[in-house]
Amino acid sequence: MKGGLEEIAPQGPACPIVSDGEGATAVDVALRLFFEDPGELQSRADQACRRVHGQRVYVRGLIEYTNHCAMDCAYCGIRRGNREVRRYRMSAEEIVATAARAYGLGYRSFVLQGGEDPSFTDDVLARIVEGIKRECHYEVAVALSAGVRGQAGYRRLREAGIDRYLLRFETSDPRLYSRLKNGESLSRRLDALRALKELGYETGSGFMTGLPGEGLSTLADNAVLARELGCDMVGIGPFIPHPKTPLAGAGAPDLGRTLRALALTRLLLPKAHMPATTAAGSVDGQGREKMLSCGANVVMPNIGLPERKADYQLYPGKICVNEDYGQCGSCLAARVASIGKRLDYSVGGALA
Ligand code: SAH
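About the criteria used
Residues numbered from 1 in each chain as written. Predicted model: local features only at pLDDT ≥ 70, side-chain atom pairs only at ≥ 80, totals over all residues. Heavy atoms only, no water. Helix = DSSP H or I, 4+ residues; strand = E, 2+ residues; numbered from the N terminus. Rg over C-alpha atoms; globule rule 2.2 N^0.38 Å. Buried < 20%, exposed > 50% of the residue type's maximum accessible area, 1.4 Å probe, protein only. Contact = heavy atoms within 4.5 Å. Polar contact = N/O pair within 3.5 Å; in protein donor to acceptor, adjacent residues only side chain to side chain. Phe/Tyr/Trp six-rings, centres within 6.5 Å; stacked < 30°, edge-to-face > 60°. Salt bridge = Lys/Arg side-chain N within 4 Å of Asp/Glu carboxyl O. Pairing = 2+ DSSP bridges. Axes fitted to C-alpha atoms, helices over the stretch in contact; angles between N-to-C directions. Parallel < 35°, antiparallel > 145°, perpendicular 65-115°, else oblique. Near = heavy atom within 4 Å. Areas by Shrake-Rupley, 256 points an atom, 1.4 Å probe, with all protein chains shown as cover. Nonpolar A, V, L, I, M, F, W, Y, C, P; charged D, E, K, R; others polar. Arc of directions from axis to C-beta. Core = buried A, V, L, I, M, F, W, Y, C linked by side-chain atoms within 4.5 Å.

Peer 1: Honestly, the overall build of the protein in this entry has me stumped. Any pointers?
Peer 2: Assigned secondary structure in the protein consists of 13 helices and nine strands. For 352 residues, the compact-globule estimate of 2.2 N^0.38 gives 20 Å, and the C-alpha radius of gyration of the protein, at 19 Å, lies within 12% of that figure. For the protein, with 352 residues in total, the buried portion stands at 57%. Looking at the protein alone, contacts between residues at least 24 apart form 74% of all its contacts between residues at least 6 apart.

Rendered as structure tokens:
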């Protein structure tokens, strides 16, 4: 697996950050700041983000359509082994109606996220995306986040109209990855990401910060891997231990680590779309504003029903579970205004 710090060969196109004038590339400079001066790193990441994306913060409506999951990931609250989860699954009609309602409120970009639920076959998901596109007058983009699926499935879903796919690699450390995911290999997930790109999806990946056994250099490697993969979108959030998982006893989340990893990733991928994640907002009341101040340019309000949100607990303490998202617009608008940005409800496609 490439990406060890000593192996980083900064050959790619230079990032638009200032070189130190002594032959170090932009990647070298960003990595040095990551280890030595996180404050300066974050302020440069904010500048880079504002230079490329301006004040815009794209809004993506998140629909958590099922919490059934065939996987048993050690970090995740809806893992198969957690018998205390009240399981639900939205019907295709409900999912389409949810998107159509949000369309009426101005939403033009959706993310369908779920556990790995075999009842959502390629055909079922294809029908759902076709329904959303039709009901939203073909003016919206749809992203799917439903784990590793077969090549044929990805192709079928792309043909059905899914525009984007989100598949975090979770960590660039192959041993850690495999421990977290019951022996599954990181390379399988990376192959899936490459296949998605090949099929023309706008491709998103990302990682958690603060996983047990992760070093600072793992986070640097994560950012470098996101760059190597050419991600159009990168989601980064703090790992929050869930009491009903094997990692229940892991240490408390450290948002500083998340911000540092985000800032580095922003400098390595200036054009990528990067959300201020709900997990960050859940560990710190100002977590999303802090992310939007050092590289993030996307928010993803949950547009599902309040009772469903509470049952989709990947981690404890998830925010906004009791609210209808009708309230999100004004709350989020005020939050982004507080750091000199503004919401943008347009499709917000990948920047070439
Ligand atoms: N089943 C899909 C979607 C996963 S949920 C998939 O595997 O790709 C989306 C993301 O939530 C995960 O990729 C993971 O990075 C994050 N997540 C899961 N459990 C978490 C926890 N305890 N704390 C913080 N983030 C978590």
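Peer 1: Even after reading the chapter, I still don't get the side chain of Thr209, so can you show me in this structure?
Peer 2: Tracing the backbone shows Thr209 in strand 6 (residues 202-209). For Thr209, a relative accessible area of 2% puts it in the buried group. Looking at Thr209, its side chain comes within polar contact range of the side chain of Thr258, at 2.9 Å. Once residues lying within four places of it in the same chain are set aside, the contact partners of Thr209 are Glu214, Leu219, Ile236, Gly237, Pro238, Phe239, Arg257, Thr258 and Ala261.

Peer 1: Whenever I open this one, the packing of aromatic side chains confuses me. Can you help?
Peer 2: To describe a pair of aromatic rings, you give the distance between the ring centres and the angle between the ring planes. Counted by the stated rule, this structure contains eight aromatic pairs. A ring pair is formed by Phe34 and Phe35, whose centres lie 4.9 Å apart and whose planes are at 85°; its orientation type is edge-to-face. Owing to a relative accessible area of 32%, Phe35 belongs among the partly exposed residues under this scheme. Look at Phe169 and Phe207: their rings are 5.9 Å apart centre to centre, the planes differ by 25°, and that puts the pair in the stacked class. Of this pair, Phe169 sits in the loop between strand 5 (164-166) and helix 6 (174-180) while Phe207 sits in strand 6, and the two are 38 residues apart along the sequence.

Peer 1: Explanation requested: the pattern of salt bridges in the structure shown.
Peer 2: Any two side chains of opposite charge can pair, given that their charged atoms come close. Per the counting criterion, the structure on display carries 22 salt bridges. One salt bridge connects Asp284 with Lys290, and the closest N-O pair in it is separated by 2.5 Å. Where salt bridges share partners, they join Asp72, Arg79 and Arg80 into one cluster.

Peer 1: Sorry, what's going on with the sheet that holds strand 9 (residues 342-344) here?
Peer 2: Within a beta sheet, neighbouring strands are joined by backbone hydrogen bonds and run either parallel or antiparallel to one another. Strand order across the open sheet formed by three strands is 8-1-9, with parallel pairing between neighbours. Because the sheet does not close on itself, it has two edges, and the strands there are strand 8 (298-299) and strand 9. Of the pairings in the sheet, the one linking strand 1 (residues 56-59) to strand 9 comprises three bridges and is parallel in character. If you follow Val57 over to strand 9, its bridge partner there is Leu343. Running over the sheet, helix 13 (residues 328-337) touches strand 1, strand 8 and strand 9 and is turned about 130° from strand 9.

Peer 1: I tried to follow the packing of helix 1 (residues 26-36) against helix 2 (residues 38-53) on my own but got confused; where do I start?
Peer 2: The relative placement of two packed helices comes down to the angle between their axes together with the axis-to-axis distance. Remark: helix 1 packs on helix 2, axes separated minimally by 6 Å, with the N-to-C direction vectors making an angle of 135°. The angle between helix 1 and helix 2 places the two elements in the oblique class. Between helix 1 and helix 2, the residues in contact are Val29, Ala30, Leu33, Phe34 and Glu36 and Pro38, Glu40, Leu41 and Arg44, respectively.

Peer 1: Can you help me understand the environment of Arg79 in this one?
Peer 2: When you line up the elements, Arg79 lands in the loop between strand 2 (61-66) and helix 3 (92-104). Leave out the neighbours within four places in its chain, and Arg79 touches Met71, Asp72, Cys73, Ala74, Arg87, Lys244, Thr245 and Pro246. A distance of 3.0 Å separates a polar side-chain atom of Arg79 from the backbone oxygen of Asp72. A polar contact is formed between the side chain of Arg79 and the backbone oxygen of Cys73, at a distance of 2.9 Å.

Peer 1: Just checking my understanding: could you explain the site of the ligand for this structure?
Peer 2: If you check the shell around the ligand, you find 17 residues, and the closest are Tyr75, Arg168, Glu170, Arg189 and Ile240. Between the ligand and the protein, one listed contact pairs a nitrogen atom with a backbone N or O atom of Gly114 at 3.1 Å. In isolation the ligand exposes 550 Å². Once the protein is present, 93% of that is buried. By residue class, the composition of the shell around the ligand is nine nonpolar, four polar and four charged.

Peer 1: What is the right way to read helix 13 from this model?
Peer 2: For an α-helix, the turn length of 3.6 residues means that residues three or four places apart are oriented alike. The complete set of buried residues in helix 13 reads Cys328, Gly329, Leu332 and Val336. Around the axis of helix 13, the buried residues are gathered within 90° of arc, so they sit on the same side. In the core, the buried residues of helix 13 are packed alongside strand 1, helix 11 (287-292), strand 8 and strand 9.

Peer 1: Which parts of the structure should I look at to understand the nonpolar core?
Peer 2: If you look at soluble globular proteins, the nonpolar side chains tend to sit buried side by side. Ranked by internal contacts, the top residues of the largest apolar core, which has 102 residues, are Tyr65, Ile128 and Ile132. Considering every element that reaches this core, the biggest residue donor is helix 9 (residues 255-268), with eight residues. Apart from residues lying up to four places away in sequence, Tyr65 is in contact with Tyr88, Arg89, Met90, Ile95, Leu112, Gln113, Gly114, Phe120, Leu125, Leu144 and Ala146. Counting five residues, the second-largest nonpolar core is a separate cluster that includes Val111, Ala143, Leu166 and Met233.

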